[in-house]
Amino acid sequence: MNIVLLGAPGAGKGTQAAKLVEEYGLPHISTGDMLRAAVKEGTPLGVKAKSFMDAGELVPDDVIIGLVAERLQAPDTDKGFILDGFPRTSVQAVALDGELARLERPLDAALLIDVDSEVIVGRLTSRRMCKQCSYIGSVADAVCPKCGGEMYQRDDDNEATVRNRLNVYGTSTAPLIDYYRGCDLLVSIDGDRDPALVFADVQASLGLDRAK
Ligand code: AMP
């Protein structure tokens, strides 16, 4: 199954993607995780991306499109994939359509995890991430409950940057909701609930509960 996850930063895309990975073994392609790894390693891509990320702005389309196109060549994507945080602009969405048409692997669904922006500000400013395994937890997690790793606050999870990321989302990414609705691929889920309930809806709306 080929899935795009849509939703504002902090809507719970990463959490739902992790559950899909655990249950169905689909590769999770998170452009945010790929960029953070590049920043950590100090690669030319990481150096270029860091200032955009720290300001809550989008990394230029050509950089990110090349990164995803390359990742989609990897054989583990043959059985399907979960794209998380990509596409984020109309240019990226059109480029993705082109790449998937070339690979003859059309999208099955664009899954929108829908959460109100004020809920998101609260969630993101109290969010903490594991340095080792990228587990997403909260300020209440002293160490990673999954691997015992050190938890940290992402540089872009402070309130000013969060508000800018939400503005960028509203301007550049939210129009993709209509784009995918027009392609008859949009599946919208209320994300302001316990992650397990959200996941039950995700499974049901993708028909995965019947597939297992
Ligand atoms: P995320 O972890 O998805 O919230 O992404 C963190 C940051 O990485 C974003 O605020 C952007 O600066 C950058 N980023 C991630 N994905 C993309 C994308 N598809 N296009 C442009 N920038 C991106």
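This text goes with the structure placed above it.
J.: Explain the site of the ligand to me, using residue names and the numbers behind them.
T.: Inspection of the region around the ligand gives 16 residues, with Thr31, Arg36, Glu57, Gly85 and Gln92 positioned closest. Between the ligand and Arg36, the relevant distance is 2.9 Å, taken from an oxygen atom to a side-chain nitrogen or oxygen of the residue. One of the backbone N or O atoms of Val59 is found 3.0 Å from a nitrogen atom in the ligand. Contact with the protein chains covers 96% of the free accessible surface of the ligand, which is 480 Å². When grouped by side-chain class, the residues that make up the shell around the ligand number 6 nonpolar, 4 polar and 6 charged.

J.: Go over helix α8 (residues 175-182), please, and point to the residues and values.
T.: Among the residues of α8, those classed as buried are Leu176, Ile177 and Tyr180. Each buried residue of α8 lies within a common arc of 110 degrees when the element is viewed along its axis, so the set occupies one face. Exposed residues pointing more than 90 degrees away from the buried face of α8 are listed as Asp178 and Gly182. Those residues of α8 hidden inside the fold are in contact with β1 (2-6), α5 (90-102), β4 (109-114), α7 (159-173) and β8 (186-190).

J.: Explain the sheet that holds strand β5 (residues 127-130) to me, using residue names and the numbers behind them.
T.: Pairing in this open sheet of 3 strands is antiparallel, and the strands run β6-β5-β7 from one edge to the other. The open sheet has two edge strands, β6 (136-138) and β7 (151-152), and neither has a second partner. As paired strands, β5 and β7 are joined by 2 bridges and run antiparallel to one another. By the bridge assignment, Cys130 is partnered in β7 with Met151.

J.: Which residues make up the nonpolar core, and what are the values?
T.: Leu96, Leu111, Tyr180 and Val202 are the most contacted members of the largest nonpolar core, which has 51 residues in total. Top contributing element to this core by residue count: β4, with 5 residues.

J.: So what about the sheet that holds β4? Which residues, and what values?
T.: Ordered in space as β2-β3-β1-β4-β8, the 5 strands form an open sheet in which the pairing is parallel. Taken across any chain shown, the strands that pair with only one partner, and hence form the sheet edges, are β2 (28-30) and β8. Mean inter-strand twist for the sheet, computed between neighbouring axes without regard to direction, equals 20 degrees. Bridge analysis of β2 against strand β3 (residues 81-84) gives 3 bridges, and the strand direction is parallel. Counted as the bridge partner of Ser30 is Asp84 from β3. On the sheet, helix α1 (residues 13-24) packs against β1, β2, β3 and β4 and is oriented at approximately 170 degrees with respect to β3.

About the thresholds
- Residues numbered from 1 in each chain as written.
- Predicted model: local features only at pLDDT ≥ 70, side-chain atom pairs only at ≥ 80, totals over all residues.
- Heavy atoms only, no water.
- Near = heavy atom within 4 Å.
- Polar contact = N/O pair within 3.5 Å; in protein donor to acceptor, adjacent residues only side chain to side chain.
- Areas by Shrake-Rupley, 256 points an atom, 1.4 Å probe, with all protein chains shown as cover.
- Nonpolar A, V, L, I, M, F, W, Y, C, P; charged D, E, K, R; others polar.
- Buried < 20%, exposed > 50% of the residue type's maximum accessible area, 1.4 Å probe, protein only.
- Helix = DSSP H or I, 4+ residues; strand = E, 2+ residues; numbered from the N terminus.
- Arc of directions from axis to C-beta.
- Contact = heavy atoms within 4.5 Å.
- Pairing = 2+ DSSP bridges.
- Core = buried A, V, L, I, M, F, W, Y, C linked by side-chain atoms within 4.5 Å.
- Axes fitted to C-alpha atoms, helices over the stretch in contact; angles between N-to-C directions.

Function cannot be read off these values alone, since they describe shape.
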